[in-house]
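# Descriptive structure summary
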Amino acid sequence: MTLRKIARAGHPVLRQRAGELQPEALATAEVQRLIDDMVETMRDAGGAGIAAPQVHEPVRIAVLEVRANRRYPGLPSIPLTVLVNPVLTALVGSPGAPLDERDAVTMYEGCLSVPGLRGRVRRPRRVSVTALDRHGHELRFAWEGLASSVVQHECDHLDGVLFIDRAEPGTLMFLDEYEQHVPLEERMIDGGLRARDPG
Ligand code: NI
């Protein structure tokens, strides 16, 4: 496995819609190597996920994994997941309407392609995802809460969208200032959990 160079904001590969991967290409050594390299690069950089365009490959593949992540303490564990050609559908809220607090998950996101910055992004707290896994088997699941933020962030990369495009105005900040000035309880807010908590 090889660590790949990570594209940074400003590189055009991060701003294009990545192409579908032809399912017959999935079994090729080249694509399997790409997936292995993405996992290795994500783990090395301490990311919660990485999308192929971030390693200069404009195809619709993303990998996710959270195990006591040092960049995001407080994120729930996510087992290693490989998503090929993922299709994401929000299961809460309606298009065009503002998200109700209890339907939202709000998190100061960061990105390996936007090093050193965080910004607050509000997203639907429940999404369904269909995709192929690395062996071409169909995956279908619903993600809820903070894990839903992670999968939406990675799928955004496949459409050329970065979290800085979605960050609420005025919330973009440097990592040092974030750690100094944003209290722990404001860093990740799952409105669904808060709504159920009578306190
Ligand atoms: Ni990212």
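Above this text sits the structure in question.
These numbers were taken from a predicted model, which means no experiment stands behind them.

Positive phi, close to 65°, is recorded for H56, a residue that is not glycine. Along the chain, H56 falls in the loop between β1 (49-51) and β2 (61-66). You will see that N85, though not glycine, has its phi angle at about 50°, which is positive. With respect to the helices and strands, N85 occurs in strand β3 (residues 78-90).

Moving on to the sheet that holds strand β9 (residues 188-190). Here four strands make up an open sheet; going across it, the order is β8-β5-β4-β9 and the pairing antiparallel. At either end of the open sheet lies a strand with only one pairing partner, and these are β8 (173-174) and β9. Here strand β4 (residues 104-109) runs beside strand β5 (residues 117-124); their pairing, made up of six bridges, is antiparallel. Looking across to β5, one finds that V105 is bridged to R123.

This paragraph deals with empty space enclosed by the protein. Under the definition given, this model contains one cavity of 30 Å³ or more. What lines the largest cavity is a set of 16 residues, and nearest its centre among them are A48, Y72, G110, H153 and E154. Here the lining of the largest cavity takes five residues from helix α2 (residues 146-158), the largest share from any one element. Partitioned by chemical class, the residues of the lining of the largest cavity number six nonpolar, seven polar and three charged.

Attention now moves to the packing of aromatic side chains. Here the structure, examined in full by the defined rule, presents two aromatic pairs. Aromatic side chains Y108 and Y178 sit 5.5 Å apart centroid to centroid with 45° between the ring planes, which places their arrangement in the tilted category. Of the two residues, Y108 sits in strand β4 while Y178 sits in helix α4 (residues 175-181), which places them 70 residues apart along the sequence. Owing to a relative accessible area of 5%, Y178 belongs among the buried residues under this scheme.

Looking at the metal site, the nickel ion is ligated by C111 (SG), H153 (NE2) and H157 (NE2), spaced 2.1 to 2.3 Å from it. All donors to the nickel ion come from one chain, and their sequence spacing reads C-x41-H-x3-H. Here the residue C111 occupies a position in the loop between β4 and β5, and H157 occupies one in helix α2, the gap between them amounting to 46 residues. Residue classification places C111 among the buried residues on the basis of a relative accessible area of 4%.

Thresholds applied
Residues numbered from 1 in each chain as written. Predicted model: local features only at pLDDT ≥ 70, side-chain atom pairs only at ≥ 80, totals over all residues. Heavy atoms only, no water. Helix = DSSP H or I, 4+ residues; strand = E, 2+ residues; numbered from the N terminus. Pairing = 2+ DSSP bridges. 1 Å grid on protein atoms, 1.4 Å probe; cavity = no way out; pocket = protein on both sides within 12 Å on 5 of 7 lines; lining within 4 Å. Points joined across faces, edges and corners; volume = space filled by probe spheres on them. Nonpolar A, V, L, I, M, F, W, Y, C, P; charged D, E, K, R; others polar. Phe/Tyr/Trp six-rings, centres within 6.5 Å; stacked < 30°, edge-to-face > 60°. Buried < 20%, exposed > 50% of the residue type's maximum accessible area, 1.4 Å probe, protein only. Donors = N, O, S within 2.8 Å, 3.2 Å for Na, K, Ca; no water.

Any functional reading would require information beyond the geometric quantities listed.
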